[in-house]
Amino acid sequence: MTSAGPTAPTARRSPLLIQLGGLYGIWLREVKRAIRDRGQLIGGISRPILWVLILGIGLNPYFRGEVYGEVTFVVPFTYLQFIFPAVVALNIMFTSVQSAVSVIWDREFGFLREVLVSPMSRGMVLLGKVLGGATVAVFHGCLVLLLARFADVPLTWLDVLKALGLMAMLAFALTSLGVVIANRIRSFEGFGVFSNAVILPLYFTSSSIFPIDPSLSRAQTRVVYPDWLVTIVEYNPLTYAVDALRGVLINYNQFDPRLGIAIMAIFGVVLFAIALFDFRRA
Amino acid sequence: MTGAPNSGSAIHVDALSKRYGRTLALDGVSFDVGDNELFALLGPNGAGKTTLMHILCTILRPDSGVALIGGFDVVKQPLAARRRLGIVFQEPSLDDRLTVHENLNLHGLVFGVPRKLRRQRIEEMLALVELTEWADKRARTLSSGMKRRLEIARALIHDSEIMLLDEPTAGLDAQTRDRIWSYIGRLRNERQITVLVTTHYIEEVEGFDRVCVVDHGKVLALDTPEALKRDCGQQLLRIVPKGEDNRQEILTRYADRLAGEAGESILLTSDDAFVEALLAEYGGRIRSLAIEVPSLETVFLSLTGRELRDQAAGARESTLAFGKRGGEHTR
Ligand SMILES: Nc1ncnc2c1ncn2[C@@H]1O[C@H](COP(=O)(O)OP(=O)(O)OP(=O)(O)O)[C@@H](O)[C@H]1O
Ligand SMILES: [Mg+2]
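On a predicted model such as this, the values are computed, not experimentally measured, just so you know. (Residues numbered from 1 in each chain as written. Chains lettered and ligands numbered in written order. Predicted model: local features only at pLDDT ≥ 70, side-chain atom pairs only at ≥ 80, totals over all residues. Heavy atoms only, no water.)

1. Some points on the overall build of chain A
In terms of helices and strands, chain A carries 11 helices and 0 strands. Helices and strands appear in chain A in the N-to-C order α-α-α-α-α-α-α-α-α-α-α. Expressed as a percentage of the 282 residues in chain A, the buried residues total 51%. Across chain A, contacts joining residues at least 24 apart in sequence account for 80% of those joining residues at least 6 apart. For chain A, the accessible area works out to roughly 13,100 Å², and carbon and sulfur atoms hold 69% of it. (Helix = DSSP H or I, 4+ residues; strand = E, 2+ residues; numbered from the N terminus. Buried < 20%, exposed > 50% of the residue type's maximum accessible area, 1.4 Å probe, protein only. Contact = heavy atoms within 4.5 Å. Areas by Shrake-Rupley, 256 points an atom, 1.4 Å probe, with all protein chains shown as cover.)

2. Structural notes on the sheet that holds strand β4 (residues 64-69) of chain B
Residues and elements named next belong to chain B. Ordered by their spatial adjacency, 4 strands build an open sheet running β2-β1-β4-β5, and the pairing between neighbours is antiparallel. The open sheet terminates on both sides in strands that have one partner only, identified here as β2 (23-33) and β5 (72-73). In the sheet, strand β1 (residues 11-20) pairs with β4 via 5 bridges, with the strands oriented antiparallel. Considered in β4, the bridge of V13 is made with A67. (Pairing = 2+ DSSP bridges.)

3. What about the site of ligand 1?
All names here are of chain B. Surrounding ligand 1, one finds 13 residues, the nearest of these being N45, G46, K49, T50 and T51. Note that an oxygen atom of ligand 1 is positioned 2.8 Å from one of the backbone N or O atoms of G46. At 2.5 Å, a side-chain N or O of T51 approaches an oxygen atom of ligand 1. Compared with its free state, where it exposes 630 Å², ligand 1 has 62% of that area covered by protein. Those elements that place two or more of their residues in the shell around ligand 1 are β2 and α1 (49-56). Sort the elements by how many residues they give to the shell around ligand 1 and α1 lands first, with 3 residues. (Near = heavy atom within 4 Å. Polar contact = N/O pair within 3.5 Å; in protein donor to acceptor, adjacent residues only side chain to side chain.)

4. Concerning the coordination of the magnesium ion (ligand 2)
Those protein atoms acting as donors to the magnesium ion (ligand 2) are T50 of chain B (OG1) and Q90 of chain B (OE1), and they sit at 1.8 to 2.2 Å. Highlighted residues: T50 of chain B in helix α1 and Q90 of chain B in the loop between β6 (85-88) and α3 (100-110), separated in sequence by 40 residues. (Donors = N, O, S within 2.8 Å, 3.2 Å for Na, K, Ca; no water.)

5. So, the confidence of the model for chain A
Residues and elements named next belong to chain A. The predicted model of chain A has a mean per-residue pLDDT of 82, with 84% of residues at 70 or higher. Helix α8 (residues 218-224) is the least confidently modelled element of chain A, averaging 67 in pLDDT, while helix α5 (residues 122-145) averages 94, the highest of any element. In this model, residues 1-8 is a region of pLDDT below 50 whose contacts with residues beyond four sequence positions or in other chains number 14 contacts. (pLDDT = per-residue confidence, 0-100.)

6. Brief notes about empty space enclosed by the protein
Residues and elements named next belong to chain A. Throughout the structure, instances matching the rule amount to 4 cavities of 30 Å³ or more. The volume enclosed by the largest cavity comes to roughly 80 Å³. Lining the largest cavity are I26, R29, V103, D106, F111, L112, V115, V125, L126, K129, V179 and F279. Residue assignment for the lining of the largest cavity shows that the elements contributing at least two residues are α1 (15-36), α3 (79-108), α4 (111-116) and α5. For the lining of the largest cavity, a count of residues per class yields 9 nonpolar, no polar and 3 charged. (1 Å grid on protein atoms, 1.4 Å probe; cavity = no way out; pocket = protein on both sides within 12 Å on 5 of 7 lines; lining within 4 Å. Points joined across faces, edges and corners; volume = space filled by probe spheres on them. Nonpolar A, V, L, I, M, F, W, Y, C, P; charged D, E, K, R; others polar.)

7. Topic: the packing of aromatic side chains
The full count for this structure, using the stated rule, is 11 aromatic pairs over all chains. On the numbers, 6.4 Å between centres and 25° between planes, the contact of Y79 of chain A with F82 of chain A is stacked. Highlighted residues: Y79 of chain A and F82 of chain A, both in helix α3, separated by 3 residues, approximately one helical turn. Note on accessibility: Y79 of chain A and F82 of chain A belong to one class, buried. The interplanar angle of 80° and the centroid separation of 5.5 Å between the aromatic rings of W181 of chain B and F208 of chain B together place this pair among those described as edge-to-face. Placement of W181 of chain B in helix α6 (residues 174-191) and of F208 of chain B in the loop between β8 (194-199) and β9 (210-215) is noted, with a sequence separation of 27 residues between them. By the burial criterion, W181 of chain B is buried, and F208 of chain B matches it. (Phe/Tyr/Trp six-rings, centres within 6.5 Å; stacked < 30°, edge-to-face > 60°.)

8. Some thoughts on a nonpolar patch on the surface
Side chains of I266, F267, V270 and I274 of chain A sit close together on the surface and give an oily, nonpolar patch of about 330 Å² of accessible area. Note that I266 of chain A resides in helix α11 (residues 257-281). (Patch = residues over 30% accessible without salt bridge, like charges linked within 9 Å, V, L, I, M, F, W, Y side chains within 5 Å. Salt bridge = Lys/Arg side-chain N within 4 Å of Asp/Glu carboxyl O.)

9. Examining the interface of chain B and chain A
Taken together, the 35 residues of chain B in the interface contact 31 residues of chain A. In this assembly, chain B packs against chain A so that about 3,300 Å² is buried in total across both faces, 59% of it on carbon and sulfur atoms. When the buried area of chain B at its contact with chain A is split by residue, R97, L109 and V110 of chain B rank highest and sum to 19% of it. Where chain B packs against chain A, one counts 7 salt bridges. Residue D95 of chain B pairs with R29 of chain A through a salt bridge whose shortest N-O separation is 2.4 Å. (Buried area = accessible area lost by both parts, 1.4 Å probe.)

10. As for the nonpolar core
By size, the foremost hydrophobic cluster in this structure holds 80 residues, and its most contacted members are F84, V88 and Y203 of chain A. Examining the composition of this core, we find that 18 residues originate from one element, α3 of chain A, more than from any other. Residues within four places of V88 of chain A in sequence aside, it is in contact with G141, V144, L145, M167, L245 and L249 of chain A. Grouped together as the second largest cluster of nonpolar side chains are 42 residues, L142, M146, W181 and V205 of chain B included. (Core = buried A, V, L, I, M, F, W, Y, C linked by side-chain atoms within 4.5 Å.)

11. A word on the domain arrangement of chain B
Looking at the assigned domains, one finds that chain B contains domain 1 (9-230) and domain 2 (235-293). Of note, the centres of domain 1 of chain B and domain 2 of chain B, computed from C-alpha atoms alone, are 41 Å apart. (Domains from an automatic or database assignment.)

12. Focus on the pattern of salt bridges
Counted according to the given criterion, the structure contains 28 salt bridges over all chains. Of the charged contacts in the structure, one is a salt bridge between R97 of chain B and D37 of chain A, with a shortest N-O distance of 3.9 Å. One end of the pair, R97 of chain B, is in the loop between β6 and α3; the other, D37 of chain A, is in the loop between α1 and α2 (38-59), on a second chain. According to the relative accessible area criterion, R97 of chain B is partly exposed, its value standing at 23%. Between K18 of chain B and D63 of chain B there is a salt bridge, with its nearest N and O atoms 3.7 Å apart.

13. What about the pairing of β2 of chain B?
Residue and element names in this part refer to chain B. Across 8 bridges, β1 lies against β2 in antiparallel orientation. Directly across from K18, in β2, lies its bridge partner L26. The hairpin turn running from β1 into β2, its antiparallel successor, is 2 residues long, and G21 in that turn takes a positive phi close to 55°.

14. Some thoughts on the layout of surface pockets
If you add up the space inside the largest pocket, you get close to 800 Å³. L116, R122 and A282 of chain A together with I59 and L60 of chain B are the residues nearest the centre of the largest pocket, which is lined by 28 residues in total. Elements with a contribution of two residues or more to the lining of the largest pocket: α3, α4, α5 and α11 of chain A together with α2 (78-84) of chain B. By residue number, the principal contributor to the lining of the largest pocket is α4 of chain A, which donates 4 residues. When the residues that make up the lining of the largest pocket are grouped by side-chain class, the tally is 14 nonpolar, 6 polar and 8 charged.

What follows is the structure, encoded as structure tokens:
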């Protein structure tokens, strides 16, 4: 063994370089694990196909109000186009939270212990984990973008680039959310709990599968839809994220698109901070 | 060594205590491990070995006391301490979905080992633990002995100077255990590292420089295996009396000599004169008698008052015992 010596070559490296190398290592692990998880990949592919091709195409004819007597409002898009950005968000949601849940396995099966005895700071360990999960989630979001042609959504490269930026922000915030939840869970009952208790409620109340008409006044909206539903939709932060994505992908906004960006940024930072606080304490 | 403030010994532990609720897992433990020493921590289940290891590797805070690794306080300078440590935990901590090579590479990245050195170390360490052909296999496909060897290799990818191994050979067959000890022996000589091992296999610590016997969070004895045998290796007499009344009589008669009871047999501290006296009086009322010459086993027994093997029945043994008793679904 020639490399062995009392002097430590690693001690001479700059601490920042060590932290970044470790960050890369943890990120890479996260991505590799996700790629090798066949179940996750199957979900990531089948979900958009079901939502876009089956639900979207199936409900498409019923979307335009003018066909049926009294017209309440008209969205200048097909249902397929309308739901497309939301399915991108849905796929990101599932994958982000799924990646974050692996924190539980890391804790259970000792991997976490192995990195906690390394010179990596806890913040970097968590950042690597969240960035890894977010990367996989953005990748799953891109799987939906591949279906753009079937949904009649024409995309320029610039659109795709802008969408990727928004998707990354959304994925980061949601992965952090997943870690926050996972940290609070002592016994793990399977992923179904997460999808039923967190993902689907958030998704359905985010104006993702039906629009809240922007041309109506606040009072009018509350006539068309029950009061409580409008309130929930307006308070759901995901509403604004989906809306921002819709603005980029199909050029339709119900709210100011900057609102979506701001909300995702704030939630991303706050949720990560909470996750880090828990992680440091544990 | 780079500016270690209190160098002198590789590991310094002083009056370390740790309490979990009502259990006092560590109760004022103190010892020093010298540079390049092969040091064993021997104790039955629940003695506090893992608690001590976790404090040394900086993931658990002691309630009181000091622990230094290469001169660095594990509470105040955990990063400096960690850089010097190579750790093998009691529970497996490999990533099952990564390959053998990827597991080692991840460790190298996280510990900031430069790429060239990383490659070289991975190759060397895989060769050392004889897993070179397995480099591209998923960790999940390895046997438990191979996983253990991989974890040892992993602990050596960075510039570890002090190895902490928590029961590295528990649950492995004799052949694998021998191999693991031979790797550790080679490492100690070639890389000049200090090794602290916990174990409850008494026969394994014969070759160690020093052995520290712990139980109930306290250090019971600390010396070379030879000295331990000489000083506290009290000669013991193991007798199996005929019938319960004889047993009771012997127990009351020699209460002051009682060293332990294991099943039917009674263990008494003894010497040659005592054996003669006992035989003269109870010779006809004893079914069997054995003189146990001092060994680490008897040292342990006289220190802790219990037999290690009985205490250490693992899951496998208890399952087997259950099957032998004719537990459900075994017939
Ligand atoms: N996280 C914990 N919470 C509560 N009690 C604990 C915890 N960890 C250990 N203990 C208790 O502390 C004592 C020492 O445990 P420890 O794991 O250090 O023993 P050990 O010597 O490693 O035993 P083994 O040979 O079984 O690994 C035991 O009584 C155990 O029940
Ligand atoms: Mg233990």
